Amino acid sequence: KKKLPLVNQTILVTAGPTYEAIDPVRFIGNHSSGKMGFAIADQLAAMGADVILVAGPTSQSTKHKSIKRVDVTSAAEMLDACLLYYKDANACVMCAAVADYTPASVSPQKIKKKEGSLNIELKKTTDILKTLGEKKQTGQVLAGFALETENEEYNAAEKLKSKNLDFIVLNSLNDKGAGFKTDTNKITIIDSNLQKTTFGLKSKDEVAADICNKVAQLINEKN
Ligand code: PMT
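Owing to the predicted nature of the structure, the values given are computational and were not obtained by experimental measurement.

Scoring rules and cut-offs
- Residues numbered from 1 in each chain as written.
- Predicted model: local features only at pLDDT ≥ 70, side-chain atom pairs only at ≥ 80, totals over all residues.
- Helix = DSSP H or I, 4+ residues; strand = E, 2+ residues; numbered from the N terminus.
- Rg over C-alpha atoms; globule rule 2.2 N^0.38 Å.
- Buried ≥ 20, exposed ≤ 12 C-beta atoms within 10 Å, placed from the backbone.
- Contact = placed C-beta atoms within 7 Å.
- UniProt positions renumbered as here; feature names shortened; annotations may be inferred.
- Axes fitted to C-alpha atoms, helices over the stretch in contact; angles between N-to-C directions.
- Parallel < 35°, antiparallel > 145°, perpendicular 65-115°, else oblique.
- Left-handed = near helix turned anticlockwise from the far one by under 90°.
- Nonpolar A, V, L, I, M, F, W, Y, C, P; charged D, E, K, R; others polar.
- Core = buried A, V, L, I, M, F, W, Y, C linked by C-beta atoms within 7 Å.
- Near = placed C-beta within 6 Å.
- Pairing = 2+ DSSP bridges.
- pLDDT = per-residue confidence, 0-100.

Our next topic: the overall build of the protein chain. Secondary structure assignment for the protein chain yields five helices and 14 strands. A compact globule built from 223 residues would reach a C-alpha radius of gyration of about 17 Å, and the protein chain, at 18 Å, matches this within 12%. Principal axes of the C-alpha set define a box for the protein chain whose edges measure 70 × 35 × 30 Å. Here the protein chain, with 223 residues, has 39% of them falling under the buried criterion. Taking the intrachain contacts of the protein chain between residues at least 6 apart in sequence as the baseline, contacts between residues at least 24 apart amount to 62%.

Right, here's the structure in full:
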């Protein structure tokens with residue numbers, strides 16, 4: 001029987017959106033369903049990895065019982081969970097759609113409707129992937145996503161470099177069937193040599209397999 005390629009490898013995956021509270025009943029979120037990140041977690045587990053899945057609010061569930069799931073709500077909670085598990089991870093695939101901004105303060109009571117417009121001050125969240133990139137140890141493989149609507153390849157390459165990634169998975173909202181909520185995705189993988197590989201439209205399970213094969217290849221090359 002052939003040995004699974006990721007046995008004894010601990011891999012951290014993030015999935016889903018984050019919710020940033022405005023008051024006890026409202027939040028700032030995004031359209032991520034968690035499908036892509038959960039497909040990656042399941043594929044890595046199928047390849048033999050010990051998977052830790054840090055998930056934002058989502059209705060998805062994993063197929064593999066061995067996956068350790070850590071549920072979080074906000075970008076700050078996701079950061080804490082990632083920092084806890086990244087130290088001992090051989091690789092990390094950051095698929096979550098993390099909020100870039102969060103309300104500067106959370107109203108303790110439901111905000112009342114009143115005359116005129118309402119302004120909510122936002123402050124920047126910590127970039128989780130960039131933080132992990134700064135802490136990356138020799139041999140660790142770090143992969144991120146880029147969800148773009150314009151200058152896709154340029155913006156993705158900038159994220160790859162500024163966050164110290166081994167590769168980035170670009171998906172464009174200009175491609176039909178790609179991105180949020182759908183059961184399909186269309187990606188381009190850009191590696192640290194800026195080598196690009198573009199794949200066709202496929203199911204998220206098949207896209208996950210392409211991404212996880214790249215993770216396994218890089219773990220082999222680096223160790
Ligand atoms: O969940 P689905 O409905 O299946 O949709 C999948 C998806 C479209 C959400 C997924 O394929 C995807 O593209 N995820 C990344 C979305 C995103 O936030 O992209 P970005 O270009 O804004 O961020 C770049 C990278 O930095 C991402 O890896 C992101 O996880 C990370 N990031 C961003 C902000 C932040 N504060 N911390 C981060 O770590």
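Alright, that's what it looks like, and here's the rest.
Time to look at the UniProt feature "binding site: CTP" (unreviewed entry) in the protein chain. According to UniProt, the feature "binding site: CTP" (unreviewed entry) maps to Asp100, Lys110, Phe145, Lys159 and Lys163 in the numbering used here. Of the residues just listed, which span 64 residues, the most distant C-alpha pair is 37.2 Å apart, and they do not cluster in one region. By secondary structure assignment, the location of aspartate 100 is in the loop between strand S6 (91-94) and strand S7 (101-103). According to the C-beta neighbour criterion, aspartate 100 is partly exposed, with 13 such atoms within 10 Å. Position of phenylalanine 145 relative to the elements: it lies in strand S9 (residues 141-148). Residue classification places phenylalanine 145 among the buried residues on the basis of 24 C-beta atoms within 10 Å.

The next thing to look at is the packing of helix H2 (residues 75-86) against helix H3 (residues 128-135). Taken N-terminus to C-terminus, the directions of H2 and H3 make an angle of 25 degrees; their axes are 10 Å apart at the nearest point. When the interaxial angle is binned, H2 and H3 end up roughly parallel. In this structure, the crossing between H2 and H3 has a hand that is right-handed. Every residue of H3 that contacts H2 at Met78, Leu79, Cys82 and Tyr86 is listed here: Ile128, Thr131, Leu132 and Lys135. Looking at the contact of H2 with H3 residue by residue, the class counts come to six nonpolar, one polar and one charged.

Here we come to the nonpolar core. Core analysis: the biggest nonpolar cluster contains 59 residues, and Val13, Ile40, Cys92, Val93, Ala143 and Ile168 have the highest contact counts within it. Once residues lying within four places of it in the same chain are set aside, the contact partners of alanine 143 are Cys92, Val93, Met94, Leu165, Asp166, Phe167, Ile168, Val169 and Val215.

Taken together, 27 residues are adjacent to the ligand, and Ser33, Lys35, Ile128, Leu129 and Gly144 come closest. Looking at the shell around the ligand, the elements that each hand over two or more residues are helix H1 (35-46), H3 and S9. In terms of residues, the shell around the ligand owes the most to one element, S9, which gives four residues. Here the residues of the shell around the ligand sort into 13 nonpolar, nine polar and five charged.

The next point concerns the pairing of strand S1 (residues 10-15). In terms of residue burial, S1 counts as a mostly covered element, since five of its six residues are buried. In this sheet, strand S4 (residues 50-55) lies alongside S1 in parallel orientation, the contact comprising six bridges. In the sheet register, threonine 14 faces S4, and the bridge partner there is valine 54.

Turning our eyes to something else, we now look at the sheet that holds strand S10 (residues 167-172). What the eight strands build is an open sheet, ordered S5-S4-S1-S6-S9-S10-S12-S13; its pairing is mixed. Of all the strands in the sheet, the pair left with one neighbour each is strand S5 (68-71) and strand S13 (196-198). Within the sheet, the average angular offset between the axes of one strand and its neighbour, ignoring direction, is 15 degrees. Where strand S12 (residues 187-191) meets S13, three bridges bridge the pair, whose relative direction is antiparallel. Note that in S13 the partner of isoleucine 190 across the bridge is lysine 196.

Turning next to the confidence of the model for the protein chain. In the predicted model, the protein chain carries a mean pLDDT of 97, and the fraction of residues at 70 or more is 100%. Model confidence for the protein chain, summarised as mean pLDDT per element, is weakest for S10 at 96 and strongest for S1 at 99. Interface confidence for the predicted complex, given as ipTM, is 0.99, next to a pTM of 0.98.

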